[in-house]
Amino acid sequence: HGSEAEKESDDEEEEEVESRVGEWFRLSGTCSLVLHRGDITKWYKDGKTDAVVNAANERMLGGGGVDGAIHRAAGKGLFDACFKVPEVSRGVRCPVGSAVITPGFNLPVSQVIHTVGPMYYSEGDPASVLAKAYKNSASLAVKSGVKYIAFPAISCGVYGYPYDEAAEVSIKALQDSAGQLSEVHFVLFEADTYSAWLAEAEEKLERLST
Ligand code: ADP
């Protein structure tokens, strides 16, 4: 992809999720929270220290929703890398609440962090598992040299998590764990998830002018 200068001259039809636009808030310390509406497979920052998070499943071999979109955009390299991740138990490469990192292959970002959120109507406490998925993704990112990360609304698709509850859990979890990241972005696919995250950020965080 092009230089910053080339991107500036692009018109408004630009399909990429412009990482400089969006709604900016102070998350914690020097880390910003940035909210966008769009397709996370189009998001990137510098192609070197950036990562998108995939709402994967325990097998890590692709699926529907954002998982399918990320695998389609990243290409077969991503499938092969996921296949090579050792199983920790039968068929399980990434247990619920944990995170695994791979390269981004054909995606514009350098890395993909795969995490598995809880099903809302499963046994146990979905909020603590969802918080773990966000925190483990953020700490794996920091450990791997990632500075800019973009999350989808983990568990808010087929896993059935209510948007407002997920927005609250995710922002709180990231406030506790994102200290060493420069920017945490959310790229939200539909109007309802976007407005839930925007409402939560407006209530809890200080807005930054960009
Ligand atoms: P889960 O199984 O964790 O619920 P889903 O992929 O079903 O995962 O949904 C998670 C969220 O990702 C949903 O809000 C869904 O609309 C959204 N989503 C789907 N495709 C994309 C995409 N290309 N970019 C960003 N978000 C997406």
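The rules we used
- Residues numbered from 1 in each chain as written.
- Predicted model: local features only at pLDDT ≥ 70, side-chain atom pairs only at ≥ 80, totals over all residues.
- Heavy atoms only, no water.
- Near = heavy atom within 4 Å.
- Polar contact = N/O pair within 3.5 Å; in protein donor to acceptor, adjacent residues only side chain to side chain.
- Areas by Shrake-Rupley, 256 points an atom, 1.4 Å probe, with all protein chains shown as cover.
- Helix = DSSP H or I, 4+ residues; strand = E, 2+ residues; numbered from the N terminus.
- Phe/Tyr/Trp six-rings, centres within 6.5 Å; stacked < 30°, edge-to-face > 60°.
- Buried < 20%, exposed > 50% of the residue type's maximum accessible area, 1.4 Å probe, protein only.
- Core = buried A, V, L, I, M, F, W, Y, C linked by side-chain atoms within 4.5 Å.
- Contact = heavy atoms within 4.5 Å.

A.B. asks: Lay out the site of the ligand in plain terms, naming residues and giving numbers.
C.D. replies: As a matter of local geometry, the ligand sits amid 18 residues, with Asp-39, Val-66, Ser-155, Gly-157 and Glu-190 nearest to it. Within the contact set of the ligand, a nitrogen atom lies 2.9 Å away from a backbone nitrogen or oxygen of Ile-40. Residue Val-158 places a main-chain N or O atom 3.0 Å away from an oxygen atom belonging to the ligand. Within the complex, the protein chains bury 92% of what would otherwise be the 560 Å² of accessible surface of the ligand. Counting residues per element, the shell around the ligand draws most heavily on helix 2 (residues 65–74), which supplies three residues.

A.B. asks: Any details on the packing of aromatic side chains? Residues and values, ideally.
C.D. replies: One pass over the structure, following the stated rule, counts seven aromatic pairs. Pairing Tyr-120 with Tyr-121 gives two aromatic rings, centres 5.0 Å apart and planes at 85°, and the pair type is edge-to-face. Residue classification places Tyr-120 among the buried positions, given a relative accessible area of 17%. Where Tyr-120 meets Tyr-161, the ring centres are 4.7 Å apart and the plane angle is 65°; that geometry is what we call edge-to-face. Of this pair, Tyr-120 sits in the loop between strand 5 (111–115) and helix 4 (126–143) while Tyr-161 is found in the loop between strand 6 (148–151) and helix 5 (163–177), placing the two residues 41 residues apart along the sequence. When its relative accessible area of 2% is taken as the criterion, Tyr-161 is described as buried. Among the aromatic residues, those joined into a cluster by ring pairs are Tyr-134, Phe-151, Phe-186 and Trp-197.

A.B. asks: Describe the nonpolar core, listing the residues and the values that go with them.
C.D. replies: Of all hydrophobic cores here, the largest spans 39 residues; its most connected members are Leu-33, Val-184 and Trp-197. Looking at this core, the elements with two or more residues in it are strand 1 (23–28), strand 2 (31–37), strand 3 (50–55), helix 4, strand 6, helix 5, strand 7 (183–188) and helix 6 (191–204). Ignoring anything within four residues of it in the chain, the contact list for Val-184 reads Leu-27, Cys-31, Ser-32, Leu-33, Val-34, Ile-149, Phe-151, Leu-174 and Ala-178.

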